[in-house]
Amino acid sequence: MKETSQDIQRILEQFVDAQTAGRMVEDIQRADELMSAAATVKVRDEMVAAIREKVHRRLAARKIRNIRIRIEKFVIAAAAIIIVAVLAEVFFNSQQDVIPVGGALTTLSIWNDTDVSVLKGQVETLSNQMDKVDQTAVQWLDENNGLTVEVDNLEEVALNTEFWKG
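The structure contained in this document is the topic of the report that follows. The residue numbering used here restarts from 1 in each chain and proceeds along that chain's sequence as written. The model is predicted, so local features are restricted to residues of pLDDT at least 70 and side-chain atom pairs to those at 80 or more, both for listing and for counting; the totals for chains, interfaces and linings are taken over all residues. Hydrogens and waters are ignored; side-chain quantities use all the structure's heavy atoms.

Turning to the overall build of the chain, a few remarks are in order. Broken down by element type, the chain carries six helices and zero strands. Only runs of H or I of at least four residues qualify as helices and only runs of E of at least two qualify as strands under DSSP, and these elements are numbered from the N terminus. What you see in the chain, going N to C, is helices and strands ordered as α-α-α-α-α-α. The buried label applies to any residue whose accessible area, calculated with a 1.4 Å probe on protein chains only, is under 20% of its type's maximum; exposed applies above 50%, and partly exposed to all values in between. For the chain, the residues scored as buried account for 4% of the 166 residues in total. Using a 1.4 Å probe, accessible areas were evaluated by the Shrake-Rupley method; residue-level cover was limited to the displayed protein chains. When the accessible surface of the chain is totalled, it reaches about 15,500 Å², and 61% of it is carbon and sulfur.

See the structure below:
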């Protein structure tokens, strides 16, 4: 043992009382003597070399497998980036067909478009119908102007009735 029995006992006394630490030191010394007395098996140098070679091959195989996995992940990531770039280009090229790049989009260009002319006609028709409804309402109120007096009388009756007061 590299440590002296006093060093070991000082360390053990931090955890247990002095008497128990002394017994533990004696047990450790006996175990150390038993281990030293045990016969060691002599291994041939060829066997040690074969074991080392086997360990080196397994470590090399693991390293190669890890490198192969990293390469595969890199290739997959690169392929994903390329696919996203191609899809983005296709998307943006299709968007350029919708909005002309060179010409400015103005209200005149929208209203002069042949597809929008139908929409323009429908808006004008709707505007004319709204004007007719407005004219009809004004005309009806002009013809029935006596109704406003009756409505005022009904409001006065409703306010003065005991029924509403509870």
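So much for the structure itself; the text now carries on.
This brings us to the pattern of salt bridges. Any carboxyl oxygen of Asp or Glu within 4 Å of a side-chain nitrogen of Lys or Arg constitutes a salt bridge here. Counted by the stated rule, this structure contains three salt bridges. Residue D7 pairs with R10 through a salt bridge whose shortest N-O separation is 2.5 Å. Placement of the pair is D7 and R10 together in helix α1 (residues 5-13), with a separation of three residues, close to one helical turn. Under the relative-accessibility criterion, D7 is labelled partly exposed at 30%. A relative accessible area of 52% means that R10 is categorised as exposed. With its nearest N and O atoms 3.1 Å apart, the salt bridge here joins D27 to R30. In this pair, D27 and R30 both sit in helix α2 (residues 18-37), three residues apart, roughly one turn of the helix.

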